[in-house]
Amino acid sequence: MTNFIPIFPLNVVVYPKETLYLHIFEPHYQQLLNDCYAHKKPFGIPTVLNNRLGELGTLMEITEVSKIYDDGTMDIKTIGVKVFRILEFIKTIPNKLYSGAIVNYPENELETERQQLIQHVIQTIHQLHHLLVVQKDFKKPDHTLTAYDMAHHVGLSIEEEYELLGLMQEDQRLTYLHQHLKKILPILAETEILKKKIKLNGHFKRLSGFEFE
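Everything quoted here is computed from the prediction, not taken from an experiment. (Residues numbered from 1 in each chain as written. Predicted model: local features only at pLDDT ≥ 70, side-chain atom pairs only at ≥ 80, totals over all residues. Heavy atoms only, no water.)

Quick one: what's the story with the overall build of the protein chain, residue by residue and with numbers?
The secondary structure content of the protein chain amounts to five helices and six strands. Secondary structure elements of the protein chain occur, N-terminal to C-terminal, as β-β-α-β-β-β-β-α-α-α-α. Within the protein chain, the proportion of its 213 residues that are buried is 38%. Summarising the internal contacts of the protein chain: among those between residues at least 6 apart in sequence, 64% fall at separations of at least 24. As presented, the protein chain carries roughly 13800 Å² of accessible surface, and 53% of it is formed by carbon and sulfur atoms. (Helix = DSSP H or I, 4+ residues; strand = E, 2+ residues; numbered from the N terminus. Buried < 20%, exposed > 50% of the residue type's maximum accessible area, 1.4 Å probe, protein only. Contact = heavy atoms within 4.5 Å. Areas by Shrake-Rupley, 256 points an atom, 1.4 Å probe, with all protein chains shown as cover.)

Report on unusual backbone geometry, specifying residues and quantitative values.
Positive phi is not limited to glycine here, since Asn51 has a value of about 60°. Relative to the assigned elements, Asn51 resides in the loop between strand S3 (43-49) and strand S4 (52-68). For Val133, which is not a glycine, the phi torsion comes out positive at approximately 55°. Structurally, Val133 can be placed in the loop between helix H2 (115-132) and helix H3 (147-150). Accessibility expressed as a relative area gives 72% for Val133, which makes it exposed.

Before we move on, can you summarise the packing of aromatic side chains with the specific residues and values?
This structure, assessed with the given rule, holds three aromatic pairs. Between Phe8 and Tyr29 the ring centres are 4.1 Å apart and the planes differ by 20°, which places this aromatic pair in the stacked class. You can see Phe8 sitting in the loop between strand S1 (2-6) and strand S2 (19-24) and its partner Tyr29 sitting in helix H1 (residues 27-38), a full 21 residues away along the chain. Residues Phe8 and Phe43 carry aromatic rings whose centres are separated by 6.5 Å and whose planes lie at 40° to one another, so their mutual orientation is tilted. (Phe/Tyr/Trp six-rings, centres within 6.5 Å; stacked < 30°, edge-to-face > 60°.)

Quick look at the structure:
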């Protein structure tokens, strides 16, 4: 399926089913969001990396206009629908201040049968958060979590989050997270040990002497 959508390029990666809150203050994007809300139409957020428009992004729906201020700025609540790929960028739209794009929607497998992989990734994320002394409530049971739910909470760079956006199978996304966690967790564990050693420095230590036979 190919169609035209208005676009709101941002230096973020948004995933399907992710809730995103936006404060809209630029006139061209105020017009875009007002148009989409009035006609109940979606818009796209393509990711901007290194000041360049990426070809991938996520189709968004407005779920709520939370507040409109006196100066026309607004707070809105949106949700990701599906991943798109830009086929053609359209900089100028007649009588509009914003840009658009011709896009298609790659087939995307959202489920996996590899329950053991899911559980391992989830357990490793809990270990990561424990080491970082971070409390994270995913607001859904562990067994219902997907790679999209977890991707923003494992310390990926925006470039890595974008790479994950381009993976169109849940198995691939989970494997990507698994490999990332496998790489960083030992580093954090070593850092934690080092922190404990530093804290002990200067304190009285209760040590057992070596016994010669």
